[in-house]
Amino acid sequence: MNCVTCIDYIIIGVMILSAVFAVEWRDLLAAAVGMAAVSLFASILFLILQAPDVAMTEAAIGAALSGAILIFAIKRTQRFETEEEERPGWWIRW
Amino acid sequence: MVSVLKRSLAIITLLIIGYWLAQGLAGVPFGQDKMLVGHYYLDHVKEQTGAVNAVTAIVVNYRGFDTLGEVTVLFIASTGVGALLWERKKRRTAKTEGSIVLTTGTRLLVPFVMLFGAYIFIHGHLTPGGGFPGGATIATAFLLLYMAFTMYEIPHKAFEKTEGLVGMGYVIVGLIGLAIGGYFLFDWIWQTWGWGHDNIGRLFSGGFIPIIYILIGLKVGTELSGIIDNMLKEGVKE
Amino acid sequence: MSVPNISAFYFGAISLILIGLYAVLVKKNILKMLIGLSIMETGVNLLLISIGYISGKSAPILSEGIEPNQAVDPIPQALVLTAIVIGVATTAMTLSAAIVLYKHYGTLNVEEIRRLRG
């Protein structure tokens, strides 16, 4: 495997990792930032897949506006996900 | 215990769905030519619409009615945000002014961000971009203003009027096409008047694509700014 | 049962869809479920764009030097371009519905909301 295509695999890996973090973090503010990171890496992938129009739209909307709107909603509600009654397993207790 | 059971049940379901999706997609080879109607669009885009960017030509010209529907959905969603968060009296609740870096940077950058947005939607038929990303960029400039200054508000009256006029302008352009060419959103500037046939690839070409994209850019920019304004302001008791 | 041989881009898109679906199924916080929906939407967009990609060809902007048979499929890009903008507007609308729910019930937990109602 030559390392010209390595960058695709690295970006896809980081994107999936930030999606997992965005879902599992109990702090919703951090989860919003994780969601914006997913959008940003997806925008780089759109550029690699020869879709510059979609990459520009995703970078302007997914990474800036959608995160900002989510943060406004968090500001008007509450920041932390409430603890569940059952203790979660060791693999997700952050 | 119930939670663990539920979580593992969900993971098993997701693995089954994922295996099924991957099985289906294994029959769709990656990176091979699977175009059917795309070939027609790519071959005829220059002489039929005058645009260099094929994506823009499809969004505005070949599927213009579809885009009108999308703009309508955007309008309904923006109205829905306004209706759900309606209060008799609304006010900004931020107490601290932005830091000196943020305010100075905003004063310097906002005109250039707006200029860049306008550039994107005016040159939509030549370069990547178009009305949707250009409008989003302009909304980002208003977001920056809201973040930096506690007392800033968008000019509501002007924005509402712009929104209505621009939406009406899209329908009027389509109706002129109906009167001249026989169907809604007929490209009258390019096909009947024949303007700009000799400078494809420069700014004054592309029929009505620049006009409609300017309208869409203004519409998307004002509506996303209105959504930001509605979500940021909170109701106050008398 | 053999492992299907698919491209890395398909794998990334399917993973995003499944992670978002997991959040919608398991999580109890409304905002977390909406984050999951948003991630799912990104995954679907990535899947559409990667189906339209043709290896070795360039973006569908036919400026000088690019022939029509050297460009990728423009139709999925046109679909996704509008879908992203509509997506953020509908996300804003669901978020404002969540704000109204919080104002009414004082919680974001869907089970609590169900319990208080019935």
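Check the entry above for the structure.
Computed from a prediction, not measured in an experiment: that's the story for all the values here.

Caption draft 1: Here's a closer look at the overall build of chain B. Of the regular secondary structure elements, chain B holds nine helices and two strands. In terms of C-alpha radius of gyration, chain B reaches 23 Å, well past the compact-globule figure of 18 Å for 238 residues. Judged by the C-alpha coordinates and their principal axes, chain B covers about 60 × 55 × 35 Å. Counting all 238 residues of chain B, 47% fall into the buried class. Counting contacts in chain B only where the partners sit at least 6 residues apart, residues at least 24 apart contribute 70% of the total.

Caption draft 2: Examining the overall build of chain C more closely. Regarding its fold elements, chain C presents four helices and zero strands. Shown N-terminal to C-terminal, the secondary structure of chain C runs as helices and strands in the order α-α-α-α. Computed over C-alpha atoms, the radius of gyration of chain C comes to 20 Å, more than 25% over the 13 Å expected from 2.2 N^0.38 for 118 residues, which places it beyond the range of a compact globule. Over its C-alpha atoms, taken along the principal directions, chain C stretches across nearly 65 × 40 × 15 Å. Restricting the contact set of chain C to residue pairs at least 6 apart, pairs at least 24 apart contribute 49%. Counting only carbon and sulfur atoms, one obtains 61% of the accessible surface of chain C, whose full area is about 4800 Å². Charged side chains of chain C number 8 positive and 6 negative; the gap between the two group centres comes to 21 Å.

Caption draft 3: Molecular detail of the nonpolar core. The biggest cluster of nonpolar side chains holds 121 residues, and the ones touching the most others in it are F208 and M231 of chain B. The dominant element in this core, judged by the number of residues it contributes, is helix α3 (residues 74–105) of chain C, at 14 residues. Once residues within four sequence positions are removed from consideration, F208 of chain B is found in contact with V60, N61, V173, L185, F186, D187, W188 and I189 of chain B.

Caption draft 4: Inspection of the interface of chain C and chain A at higher detail. Contacts between chain C and chain A engage 42 residues on the former and 41 residues on the latter. Both faces combined, the contact of chain C with chain A buries some 3800 Å², and carbon together with sulfur accounts for 76% of it. Of all residues in chain C, the largest losses of buried area upon contact with chain A belong to F9, K32 and I35 of chain C, amounting jointly to 15% of the total for that side. Here chain C is connected to chain A by one salt bridge. Here E24 of chain A makes a salt bridge to K27 of chain C, at a shortest N to O gap of 3.3 Å. Put simply, chain C and chain A have five residue pairs in polar contact (both at pLDDT 80 or more) between them. Within the residue set of the side of chain C that touches chain A, elements represented by two or more residues are α1 (8–26), α2 (30–51) and α3 of chain C. Looking at the side of chain C that touches chain A element by element, the count peaks at eleven residues for α3 of chain C.

Caption draft 5: Focus on empty space enclosed by the protein. Tallied over the full model, the rule gives three cavities of 30 Å³ or more. Here the largest cavity is characterised by a volume of approximately 130 Å³. If you go around the largest cavity, you meet 14 residues; those closest to its centre are G62 and S66 of chain A together with S38, E41 and V88 of chain C. Elements with a minimum of two residues in the lining of the largest cavity: α2 (28–48) and α3 (52–76) of chain A together with α2 and α3 of chain C. Within the lining of the largest cavity, the residues separate by chemical class into four nonpolar, eight polar and two charged. Empty space within the second largest cavity amounts to approximately 70 Å³. Along its surface, the second largest cavity is lined by V59, R63, D66, T67 and E70 of chain B together with A78, L79 and T82 of chain C. Elements with a minimum of two residues in the lining of the second largest cavity: α4 (64–84) of chain B together with α3 of chain C. Residue composition of the lining of the second largest cavity, by class: three nonpolar, two polar and three charged.

Rules used in this analysis
Residues numbered from 1 in each chain as written. Chains lettered and ligands numbered in written order. Predicted model: local features only at pLDDT ≥ 70, side-chain atom pairs only at ≥ 80, totals over all residues. Heavy atoms only, no water. Helix = DSSP H or I, 4+ residues; strand = E, 2+ residues; numbered from the N terminus. Rg over C-alpha atoms; globule rule 2.2 N^0.38 Å. Buried < 20%, exposed > 50% of the residue type's maximum accessible area, 1.4 Å probe, protein only. Contact = heavy atoms within 4.5 Å. Areas by Shrake-Rupley, 256 points an atom, 1.4 Å probe, with all protein chains shown as cover. Lys, Arg positive; Asp, Glu negative; His and termini not counted. Charge placed at Lys NZ, Arg CZ, Asp CG, Glu CD. Core = buried A, V, L, I, M, F, W, Y, C linked by side-chain atoms within 4.5 Å. Buried area = accessible area lost by both parts, 1.4 Å probe. Salt bridge = Lys/Arg side-chain N within 4 Å of Asp/Glu carboxyl O. Polar contact = N/O pair within 3.5 Å; in protein donor to acceptor, adjacent residues only side chain to side chain. 1 Å grid on protein atoms, 1.4 Å probe; cavity = no way out; pocket = protein on both sides within 12 Å on 5 of 7 lines; lining within 4 Å. Points joined across faces, edges and corners; volume = space filled by probe spheres on them. Nonpolar A, V, L, I, M, F, W, Y, C, P; charged D, E, K, R; others polar.

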